[in-house]
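# Examination of the molecular architecture
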Amino acid sequence: MSDILNFHFDVDGGDFTSAGQASVGVKKNLRQLGLPPEIIRRVSIAMYEGEINMVIHAGGGSADVSVTEEYIEIRLCDKGPGIKDINQAMQEGFSTATDNIRSLGFGAGMGLPNMKRYTDYMKIDSVVGEGTTITMRVNIN
């Protein structure tokens, strides 16, 4: 299956003013493709949560989105500290965010659980000290 559309976004670490720009860009492009609003909503939420995680925890990274006739795939890559315990990180409410980040309204420990909740497939590859790659898919049909 060939891709219909591909996007690439660079995500700046620690820059909360530009956080969310990639997910907004994806949302706009998916609307232009005429995809169902529920699909767009799910992709936007998963993308935003991943983007915020890269800003908070990983010093930034990249987001690549591929749209096919069957699904939308989001691939988030960073060179951050990695996730020490993926099972623990997947628990709602678990967070390694600092008090400063929490004071900004982030770090509630819902990022990864929401990413999984709003996608049909999610895989996390993480190496402590090297970074994390998260691949998610939302089926179109």
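Whatever comes next refers back to the structure up there.
These remarks concern the structure in this document. (Residues numbered from 1 in each chain as written. Predicted model: local features only at pLDDT ≥ 70, side-chain atom pairs only at ≥ 80, totals over all residues. Heavy atoms only, no water.)

### As for the overall build of the protein
When helices and strands are tallied, the protein shows five helices and five strands. Listing each helix as α and each strand as β along the protein from the N terminus yields β-α-α-β-β-α-α-α-β-β. Against the compact-globule benchmark of 14 Å for 141 residues, the protein has a radius of gyration of 14 Å, which places it among compact chains. A principal-axis box enclosing the C-alpha atoms of the protein has dimensions of 40 × 30 × 25 Å. Relative to its 141 residues, the protein shows a buried fraction of 47%. In the protein, 64% of the contacts between residues at least 6 apart in sequence involve partners at least 24 apart. Accessible surface computed for the protein: about 7600 Å², of which carbon and sulfur atoms make up 47%. Computing the positive centroid from 13 side-chain charges and the negative centroid from 18, the protein places the two 4 Å apart. (Helix = DSSP H or I, 4+ residues; strand = E, 2+ residues; numbered from the N terminus. Rg over C-alpha atoms; globule rule 2.2 N^0.38 Å. Buried < 20%, exposed > 50% of the residue type's maximum accessible area, 1.4 Å probe, protein only. Contact = heavy atoms within 4.5 Å. Areas by Shrake-Rupley, 256 points an atom, 1.4 Å probe, with all protein chains shown as cover. Lys, Arg positive; Asp, Glu negative; His and termini not counted. Charge placed at Lys NZ, Arg CZ, Asp CG, Glu CD.)

### Brief notes about the packing of helix H1 (residues 21-32) against helix H2 (residues 37-57)
Running from N to C, H1 and H2 cross one another at 165 degrees; their axes reach a closest spacing of 8 Å. In this view, H1 runs roughly antiparallel relative to H2, as classed from their interaxial angle. When you trace H1 past H2, the crossing you get is right-handed. Contacts between H1 and H2 involve Gln21, Ala22, Ser23, Val26, Lys27, Leu30 and Arg31 from the former and Ile40, Val43, Ser44, Met47, Tyr48 and Glu51 from the latter. (Axes fitted to C-alpha atoms, helices over the stretch in contact; angles between N-to-C directions. Parallel < 35°, antiparallel > 145°, perpendicular 65-115°, else oblique. Left-handed = near helix turned anticlockwise from the far one by under 90°.)

### Some thoughts on the side chain of Arg42
Note on placement: Arg42 falls in helix H2. Here the side chain of Arg42 touches Asp120 through a polar contact of 3.0 Å, side chain to side chain. Residues in contact with Arg42, not counting those within four places in the same chain, are Tyr118, Thr119, Asp120, Val138 and Asn139. (Polar contact = N/O pair within 3.5 Å; in protein donor to acceptor, adjacent residues only side chain to side chain.)

### Concerning H2
The end-to-end C-alpha distance of H2, which contains 21 residues, comes to 30 Å, matching closely the 30 Å that a straight helix rising 1.5 Å per residue would cover. Judged by how many residues are buried, H2 sits mostly within the fold: 15 of 21 residues are covered. (Expected span 1.5 Å × (residues − 1).)

### Describing the packing of aromatic side chains
Counting across every chain of the model gives two aromatic pairs. Both rings, one in Phe16 and one in Phe106, keep their centres 5.0 Å apart while their planes meet at 25 degrees; by these two values the pair is stacked. Within this pair, whereas Phe16 is found in the loop between strand E1 (5-12) and H1, its partner Phe106 is found in the loop between helix H4 (99-103) and helix H5 (111-117), the two being separated by 90 residues in sequence. Classification of Phe16 by relative accessible area gives partly exposed; the value is 24%. Above the plane of the ring of Tyr71 lies Arg137, whose end atom (NZ or CZ) is 4.1 Å from the centre. (Phe/Tyr/Trp six-rings, centres within 6.5 Å; stacked < 30°, edge-to-face > 60°. Lys NZ or Arg CZ within 6 Å of the ring centre and 35° of its normal.)

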